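Here's the letter readout for the chains.
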Amino acid sequence: MSEMAMVPEVPEPPQPPGLRAHRTTARSAVAWFAASLAGSAVLGLIGGLIWGEFAPRALYQEVGAGTAELVNVETRAFFGADVWFCAIAVVAGLLTGILGYRFAVAPRDGAARAAATAALVVGALVGGLLMLWLGERIGLSAYNKDLASSPDGAYFSHSLALGAKSALAFWPLCTAIVLLIAEWGTRPASG
């Protein structure tokens, strides 16, 4: 029989109390930060798909090669598209705030709680930007194709564009308000 070399185990140096818990808390905070950003990004893409498919579009008429004019200058399509964007952003902000508070903020304390809150608000901003980007891309290639190949007098819908850029604040603002109300509601009453 051959003898196996025995390597003595080297004990880990003693760690100060709480260091292991701090590492676990930091890892958890980073994981929740990334998950909050990813969840908001996915929600933003879904919102962009909804906005791109259901928001009203202005009707244009081709007047020359590669040139189109708005058919009705008093159309409400531009306003309607902005309203759709705002409504989707508010719903997404409520979802992000309620679910984010329940699963990311409430179970934590200290710096991890603050990091989860920041992640939800930053994620809401990222989600809004992704919703805008995708929603504006839906229908853009069809519009460009129609503009390039349609005969004079042809009618077609324009691609979406967000007229009120301030609507990008709706999602993060709703998320922050929900988080503030939830946090305020959990504070003990002073008396």
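Quick caveat, the model's predicted, so the values are computed rather than measured.

Cut-off values and rules
- Residues numbered from 1 in each chain as written.
- Predicted model: local features only at pLDDT ≥ 70, side-chain atom pairs only at ≥ 80, totals over all residues.
- Heavy atoms only, no water.
- Core = buried A, V, L, I, M, F, W, Y, C linked by side-chain atoms within 4.5 Å.
- Buried < 20%, exposed > 50% of the residue type's maximum accessible area, 1.4 Å probe, protein only.
- Helix = DSSP H or I, 4+ residues; strand = E, 2+ residues; numbered from the N terminus.
- Contact = heavy atoms within 4.5 Å.
- Phe/Tyr/Trp six-rings, centres within 6.5 Å; stacked < 30°, edge-to-face > 60°.
- Lys NZ or Arg CZ within 6 Å of the ring centre and 35° of its normal.
- Lys, Arg positive; Asp, Glu negative; His and termini not counted.
- Salt bridge = Lys/Arg side-chain N within 4 Å of Asp/Glu carboxyl O.
- Pairing = 2+ DSSP bridges.

**Q** Hey, could you run me through the nonpolar core in this one?
**A** Across soluble globular proteins, nonpolar side chains show a tendency to be buried alongside one another. Counting 16 residues, the largest nonpolar core has Trp51, Phe85, Leu132 and Leu162 as its most contacted members. At the level of elements, α2 (77–105) and α3 (110–137) are the ones that each hand at least two residues to this core. Take this core: its biggest share by element is 6 residues, from α2. Other than its neighbours up to four places away in sequence, leucine 162 contacts Trp51, Asp82, Phe85, Leu132, Glu136, Ala167 and Leu168.

**Q** Quick question: what am I supposed to make of the packing of aromatic side chains here?
**A** Scanning the model with the defined rule gives 4 aromatic pairs in all. Ring geometry for tyrosine 60 versus tyrosine 143: centroids 6.3 Å apart, planes at 70°, classification edge-to-face. Here tyrosine 60 is found in strand β1 (residues 59–64), whereas its partner tyrosine 143 is found in helix α4 (residues 140–149), with 83 residues between them in sequence. Comparing tyrosine 60 with tyrosine 143 shows no difference in burial state: the two are buried. Take tyrosine 143: its relative accessible area is 10%, and that puts it in the buried class. Members of the aromatic cluster, joined through ring pairs, are Tyr60, Tyr143 and Phe156. Stacked on the ring of phenylalanine 103, the Lys or Arg arginine 102 has its end atom at 5.2 Å from the ring centre.

**Q** Help me understand the side chain of aspartate 82, please; the structure alone is not making it clear to me.
**A** As for its position among the elements, aspartate 82 is in helix α2. Comment: no salt bridge for buried aspartate 82; closest opposite-charge side chain is lysine 165, at 7.6 Å. Setting aside residues up to four positions removed in sequence, aspartate 82 forms contacts with Ala161, Leu162, Gly163 and Ala164.

**Q** Hey, could you run me through the pattern of salt bridges in this one?
**A** As a working rule, side chains carrying opposite charge can pair if their charged atoms are close by. Tallied over the full model, the rule gives 2 salt bridges. One salt bridge in this structure joins arginine 113 and glutamate 183, with 2.7 Å as the shortest N-O distance. In this pair, arginine 113 is assigned in helix α3 and glutamate 183 in helix α5 (residues 170–186), connecting sequence segments 70 residues apart. On the accessibility criterion, glutamate 183 (18% relative accessible area) is buried. For glutamate 136, the salt bridge goes to lysine 165, with nearest N and O atoms at 3.8 Å. With glutamate 136 in helix α3 and lysine 165 in the loop between β3 (155–157) and α5, this pair connects stretches of sequence that are 29 residues apart. Overall, the relative accessible area of 17% leaves glutamate 136 in the buried class. The class for lysine 165 is partly exposed, based on a relative accessible area of 46%.

**Q** I would appreciate a short explanation of the pairing of strand β2 (residues 67–70) in the present structure.
**A** Alignment of β1 against β2, held across 4 bridges, turns out to be antiparallel. Following the sheet pairing, glycine 64 is matched in β2 by threonine 67. Between β1 and β2, which pair antiparallel and follow one another directly, the connecting turn spans 2 residues, one of which, glycine 66, has a positive phi of 75°.

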